[in-house]
Amino acid sequence: MQSMDEIYQKYAKRVYKYLLSLIHNQDVAEELTQETFYQAIQNIDGFDGSCKVSTWLCAIAKNQLRSYQRKHPPLENLEDYDRTIESAETNVMQSLNKLELMKRLHSCPEPFREILYLRIFGNLSFMEETGLDT
């Protein structure tokens, strides 16, 4: 069997490209490539030669990626969320008359009441109301 240094020299670029094709983030792909080879060194005794070295390394890489994704779930895009809320608000406002809307708003507990007043009558986005846009 080849030395780990030779294996790294031969397969590191392939593993990196494989990870990059899955995650589309160069920094994460580089980090996971390094972690893949670290795990390969730790588990070299588990390689039985029943598959190609590149296949074994890519399997390790995929497991590293899954582990990374569990620890770092993707964040929702706040702008998409804001647009969804705006659409729902528009539907509600169109279906309720203003008096009924005011009655319902008045019965809301604080701080929700203030947020809704600012949102509906002040035309502020949720990002502006919460200060997330600064």
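In case you missed it, the structure is sitting above this.
None of the values given here were measured: they were computed from a predicted structure.

1. Topic: unusual backbone geometry
Thinking step 1. Positive phi is not limited to glycine here, since histidine 24 has a value of about 55 degrees.
Thinking step 2. Summarising the element assignment, histidine 24 is placed in the loop between helix H1 (4–23) and helix H2 (26–42).
Thinking step 3. Of the residues examined, histidine 24 reaches a relative accessible area of 65% and is grouped as exposed.

2. Comments concerning H1
Thinking step 1. The largest bend in H1 amounts to roughly 50 degrees and is located at tyrosine 11.
Thinking step 2. Of the residues making up H1, those classed as buried are Ile7, Tyr11, Ala12, Val15, Leu19 and Ile23.
Thinking step 3. Where the residues of H1 are buried, they touch H2 and helix H3 (53–71).
Thinking step 4. Backbone geometry just after H1 places histidine 24 at a positive phi near 55 degrees.

3. Structural notes on the packing of H1 against H3
Thinking step 1. Taken N-terminus to C-terminus, the directions of H1 and H3 make an angle of 45 degrees; their axes are 10 Å apart at the nearest point. As summarised for this structure, H1 and H3 are arranged oblique, according to the angle between their axes. Judged by the sense of rotation from one axis to the other, the crossing of H1 with H3 is right-handed. Touching Ile7, Tyr11, Arg14, Val15, Tyr18, Leu19, Leu22 and Ile23 of H1 are Val53, Ser54, Leu57, Cys58, Ala61, Lys62, Leu65, Tyr68 and Gln69, all from H3.
Thinking step 2. Counted by class, the contact of H1 with H3 contains 13 nonpolar, two polar and two charged residues.

4. Focus on the packing of H2 against H3
Thinking step 1. Running from N to C, H2 and H3 cross one another at 120 degrees; their axes reach a closest spacing of 9 Å. In terms of orientation, H2 lies oblique with respect to H3. Taken as a pair, H2 and H3 cross one another with a handedness that is right-handed. Contacts between H2 and H3 involve Val28, Leu32, Glu35, Thr36, Phe37, Gln39 and Ala40 from the former and Trp56, Leu57, Ile60, Ala61, Gln64, Leu65 and Tyr68 from the latter.
Thinking step 2. Class assignment of the residues belonging to the contact of H2 with H3 gives a composition of 10 nonpolar, three polar and one charged.

5. A word on the packing of aromatic side chains
Thinking step 1. Following the criterion strictly, the structure yields two aromatic pairs and no others.
Thinking step 2. Their ring planes at 75 degrees and their centres at 4.8 Å tell us that tyrosine 8 and phenylalanine 37 sit as a pair that is edge-to-face. Placement of tyrosine 8 in helix H1 and of phenylalanine 37 in helix H2 is noted, with a sequence separation of 29 residues between them.
Thinking step 3. Residue classification places phenylalanine 37 among the buried positions, given a relative accessible area of 4%.
Thinking step 4. Summarising the aromatic geometry, the rings of phenylalanine 47 and tryptophan 56 are spaced 4.9 Å apart at their centres and angled 45 degrees between planes, so their arrangement reads as tilted.
Thinking step 5. The buried category is assigned to phenylalanine 47, whose relative accessible area is 14%.

Cut-off values and rules
- Residues numbered from 1 in each chain as written.
- Predicted model: local features only at pLDDT ≥ 70, side-chain atom pairs only at ≥ 80, totals over all residues.
- Heavy atoms only, no water.
- Helix = DSSP H or I, 4+ residues; strand = E, 2+ residues; numbered from the N terminus.
- Buried < 20%, exposed > 50% of the residue type's maximum accessible area, 1.4 Å probe, protein only.
- Bend = angle between axes of the 7 residues up to and from the residue.
- Contact = heavy atoms within 4.5 Å.
- Axes fitted to C-alpha atoms, helices over the stretch in contact; angles between N-to-C directions.
- Parallel < 35°, antiparallel > 145°, perpendicular 65-115°, else oblique.
- Left-handed = near helix turned anticlockwise from the far one by under 90°.
- Nonpolar A, V, L, I, M, F, W, Y, C, P; charged D, E, K, R; others polar.
- Phe/Tyr/Trp six-rings, centres within 6.5 Å; stacked < 30°, edge-to-face > 60°.

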